[in-house]
Amino acid sequence: MCGIVGFVGTQADALPFIFDGLKRLEYRGYDSAGIALALPQGIAIQKSKGKISVLETVLGMLPPGPCGIGHTRWATHGRPTDQNAHPHTDCRGEIATVHNGIIENFEELRTELVALGHHFVSDTDTEVIPHLLEQYGGNQDLEAAVRKAETRLKGAYAFLAVSSLEPDKIVAVRRTSPLLIGLGQGENYLASDFSAFLSSTRRAVALENGDMAVVTPTHYQIWDQSGSSVDRSIIEIDWDIKQTERGGYAHFMLKEIMEQPEAWSDCLLGRLEGERVVVSELGLPVEVLNQTKRIQIVAAGTAYHAGLIGKALIERLVRIPVVVDVASEYRYQDPVLESGTLVIAVSQSGETADTLACVRMVKDMGGFTYAITNTVGSTLSRESDAVIYTHAGPEIAVASTKAYTTQILVFNLLAMALAEARGRGRPDLIQILRELPSLGHGVLERMDPVSEMAEKLARSRDVFYVGRGIDWALAMEGQLKLKEISYIHAEAYAAGELKHGTLALIEEGTPVVAIVTEPQLAEKTISNILEVKARGAEVWGIVADNMPGAFAMDHRISIPVRDPLVASVLAVIPLQLLAYWTAVARGEDVDQPRNLAKSVTVE
Ligand code: AGP
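Let us look at the structure shown here.

**Section: the site of the ligand**
Surrounding the ligand, one finds 14 residues, the nearest of these being Ser347, Ser349, Thr352, Val398 and Glu484. Note that an oxygen atom of the ligand is positioned 2.5 Å from one of the side-chain N or O atoms of Thr352. Relative to its unbound accessible area of 410 Å², the ligand is 91% covered by the protein chains. Elements with a minimum of two residues in the shell around the ligand: helix 10 (301–318) and helix 17 (470–486). Counted by class, the shell around the ligand contains five nonpolar, seven polar and two charged residues.

So this is what it looks like as structure tokens:
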């Protein structure tokens, strides 16, 4: 997810406006940033790796101008470098573009354009856009070139284009990624979300999927994907500017929980075809995929919990052994690494010191390392032998949510690809993966009871989370979410293990959160729930729709389970929100909890 901003006016105000707009969109990505101005004498660009504050140090070299575009990047293709920063231009430096999203077919387009003589300077997917516009005569008629180029692009994206030959207009396209027009006086704006222009206008037009727009200082026109001119309604924005930086949510954590369905779509984009996984999109050499005999997963915290789900998926679908270790233990275990072992390192930040130490140790032992990370260009992505990105977009809150569920989706893809390679493919699960974003929206719409549950849980001293199989792994994630932001002591137990000691702690009113999504284990877990209830526990259940035995619970949240192997990303949503609302009820600092950091780059 990136932030894009455009300004077109009659006064030379583009640069300060765009810079301020990018600062307000920095939460959407902060790997690199840049600004391009369309001037009659050519395109003027300044861009740099690093945050907006780094870009600010070089903006003085830009001349004033009335028309320009800007970008703050969350890398998806190509590491965060000056060359890969947006805006990108055509060969002659007469057209500039900024882009948010993913161009799925960029490699074939790049090959075609290079064969036509175009010279590329970056390794991003985005750079195909300005060269395609140049190929289609964009320096004569930008609007016509955009219309023609857009028919060649595949993926989810929004982009802005300007030309020095027509320095009084911005051409914009929206296909899935958000894009709005802000309506000023004698000037108009474009942005990924309206926090970028809210200080200048509260009147906006939201482009719809497939729309193209041409925006000048005093006019704008919109065409839908059929090419028909359309009128989109003008909206009055009534948010305060501070709120909009979190997309209108009170906390980044809530925003990141709510945007999980979109993150799942981005994670799966281009990685499923028909009834199969697109193996070439996994970033793993085919021979490794075919010859892997066992898997060792190393990670920390929530990423470790995702690894536990990955173990269940791979062992059940592929029938090869999987071991999961916390990185801080594995690095000092003097482990035995058998041949044919694939070592998978999972890390949202790609900077966790313990996880990096494991990768370095395994490489010294001659092992093969595969990174699952959300951060392009991270140390982990550069030091591992292979990498796959979760495409969750920037995760600002310390408590990890969408990074965790997209890590699980990547494990789903890997397990299914490994299974297919061994003649054990599951086309039915592929179909369910496709349904997850819409199922996720459905679950998010049914979560009102969770905030009521949280009001009660907020007064607890200890909370126990129980489950069996995948539900036990979910219980571990649920307890970590609760304690790291609400500071309530919580622990997870395999439901069948309670009677071996922990049951002694259960007394009248002890809260127990039970997760029951695995039908074949439900009866056993329900009997464990009855054991704790017999000792006075108050039970909150996260259960599959129509799960028998749910009567045993005092409170219940049900979720749709098409198959327990692909339901964990849905089942974790109530656990995430239970932690969130409990911390809110206790007045804690949800996004930046005490003693913690977003990335633990030290031992
Ligand atoms: C999870 O909510 C925590 N923020 C923490 O456990 C985190 O998952 C852990 O530090 C690992 O971080 P990483 O994924 O960036 O390696």
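**Considerations on the sheet that holds strand 23 (residues 462–467)**
Ordered by their spatial adjacency, five strands build an open sheet running 24-23-25-26-27, and the pairing between neighbours is parallel. Here the strands that pair on one side only, and so sit at the sheet edges, are strand 24 (489–494) and strand 27 (555–559). Put simply, the sheet's adjacent strands are angled 15° from each other on average, direction ignored. On top of the sheet, helix 18 (residues 519–534) reaches strand 25 (511–516) and strand 26 (538–544); it is set at about 170° to strand 25, its chief contact.

**Points about the pairing of strand 26**
Among the seven residues that make up strand 26, seven are buried, leaving the element largely enclosed by the rest of the structure. Pairing of strand 25 with strand 26 involves six bridges; the strand directions are parallel. Bridged to Val512 within strand 26 is Val539. Traced from strand 25 through helix 18 to strand 26, the parallel crossover comes out right-handed. Where strand 26 meets strand 27, five bridges bridge the pair, whose relative direction is parallel. For Val543, the partnering residue across the bridge sits in strand 27 and is Ser558.

**Details of the packing of helix 16 (residues 448–457) against helix 19 (residues 568–585)**
At a minimum axis distance of 8 Å, the contact between helix 16 and helix 19 shows a crossing angle of 50°. The pairing of helix 16 with helix 19 is recorded here as oblique in orientation. Read as a crossing pair, helix 16 and helix 19 show a hand that is right-handed. Contacts from Val450, Ser451, Met453, Ala454, Glu455 and Leu457 in helix 16 reach Pro574, Leu577, Leu578, Trp581, Thr582 and Ala585 in helix 19. In the contact of helix 16 with helix 19, the residues fall into nine nonpolar, two polar and one charged.

**Looking at the side chain of Gln407**
For Gln407, the location among the structural elements is in helix 14 (residues 402–421). Residues in contact with Gln407, not counting those within four places in the same chain, are Thr302, Ala303, Ala306, Val346, Ser347, Gln348, Ile372 and Thr390.

**Quick notes on the environment of Ala514**
Within the fold, Ala514 resides in strand 25. Sequence separation of Ala514 and Glu143 is 371 residues, and the distance between their C-alpha atoms is 57 Å. Residues in contact with Ala514, not counting those within four places in the same chain, are Val466, Ile529, Val539, Trp540, Gly541 and Ile542.

**So, the environment of Ser381**
With respect to the element layout, Ser381 can be found in helix 13 (residues 379–383). Its relative accessible area of 10% is what places Ser381 among the buried residues. When the C-alpha atoms of Ser381 and Gly423 are compared, they prove to be 30 Å apart, with 42 residues separating the residues in sequence. Not counting chain neighbours up to four residues away, the residues in contact with Ser381 comprise Thr373, Thr375, Val376, Val387 and Tyr389.

**What about helix 19?**
Its 18 residues place the ends of helix 19 26 Å apart at the C-alpha level, agreeing with the 26 Å of an ideal helix rising 1.5 Å per residue. Backbone geometry just after helix 19 places Gly587 at a positive phi near 70°.

**Considerations on the sheet that holds strand 7 (residues 155–163)**
The seven strands are arranged 5-6-7-8-12-13-14 in an open sheet whose pairing can be described as antiparallel. Lying at the two open borders of the sheet, with one neighbouring strand each, are strand 5 (88–89) and strand 14 (229–230). In this structure, strand 6 (residues 95–103) lies alongside strand 7, joined through nine bridges in antiparallel fashion. Its bridge partner being in strand 7, Ile103 is matched across the sheet by Gly155.

**Some points on the layout of surface pockets**
Its boundaries defined by the atoms lining it, the largest pocket holds a volume of some 1,000 Å³. In terms of lining, the largest pocket is formed by 46 residues, of which the most central are Met1, Arg28, Pro178, Glu259 and Glu262. The set of elements that each furnish at least two residues to the lining of the largest pocket consists of strand 6, strand 7, helix 7 (252–258) and helix 8 (260–268). By residue class, the composition of the lining of the largest pocket is 19 nonpolar, 17 polar and 10 charged.

**Focus: the packing of helix 14 against helix 15 (residues 427–444)**
Between helix 14 and helix 15, whose axes approach to 11 Å, the crossing angle comes to 165°. Judged by the inter-axis angle, helix 14 sits roughly antiparallel to helix 15. Where helix 14 crosses over helix 15, the handedness of that crossing is left-handed. In contact with Leu409, Asn412, Leu413, Met416 and Glu420 of helix 14, helix 15 contributes Leu429, Ile430, Leu433 and Leu436.

**A look at unusual backbone geometry**
With an omega dihedral of 0°, the bond running from His86 to Pro87 counts as a cis peptide bond. Looking at the element boundaries, Pro87 is found in the loop between strand 4 (67–73) and strand 5. Look at His391: it is not a glycine, yet its phi comes out positive at around 55°. Residue placement: His391 occurs in the loop between strand 22 (386–389) and helix 14. According to the relative accessible area criterion, His391 is buried, its value standing at 12%. Even without a glycine there, the phi angle at Asn546 is positive, about 60°. For Asn546, the location among the structural elements is in the loop between strand 26 and strand 27.

**With respect to the nonpolar core**
In this structure, Ile295, Ile314, Ile344, Tyr370, Leu433, Tyr465 and Leu474 are the most contacted members of the largest nonpolar core, which totals 96 residues. Counting residues per element, this core draws most heavily on helix 14, at 12 residues. Look past the residues within four positions of Leu433 in its chain and what remains in contact with it is Leu268, Leu272, Leu409, Asn412, Leu413, Met416 and Val566. Counting residues in each nonpolar core, the second largest holds 27 residues, with Phe7, Ala44, Ile52 and Ala191 among its members.

Cut-offs used in this document
Residues numbered from 1 in each chain as written. Predicted model: local features only at pLDDT ≥ 70, side-chain atom pairs only at ≥ 80, totals over all residues. Heavy atoms only, no water. Near = heavy atom within 4 Å. Polar contact = N/O pair within 3.5 Å; in protein donor to acceptor, adjacent residues only side chain to side chain. Areas by Shrake-Rupley, 256 points an atom, 1.4 Å probe, with all protein chains shown as cover. Helix = DSSP H or I, 4+ residues; strand = E, 2+ residues; numbered from the N terminus. Nonpolar A, V, L, I, M, F, W, Y, C, P; charged D, E, K, R; others polar. Pairing = 2+ DSSP bridges. Axes fitted to C-alpha atoms, helices over the stretch in contact; angles between N-to-C directions. Contact = heavy atoms within 4.5 Å. Buried < 20%, exposed > 50% of the residue type's maximum accessible area, 1.4 Å probe, protein only. Right-handed = clockwise from strand over helix to strand, strands pointing away. Parallel < 35°, antiparallel > 145°, perpendicular 65-115°, else oblique. Left-handed = near helix turned anticlockwise from the far one by under 90°. Expected span 1.5 Å × (residues − 1). 1 Å grid on protein atoms, 1.4 Å probe; cavity = no way out; pocket = protein on both sides within 12 Å on 5 of 7 lines; lining within 4 Å. Points joined across faces, edges and corners; volume = space filled by probe spheres on them. Core = buried A, V, L, I, M, F, W, Y, C linked by side-chain atoms within 4.5 Å.

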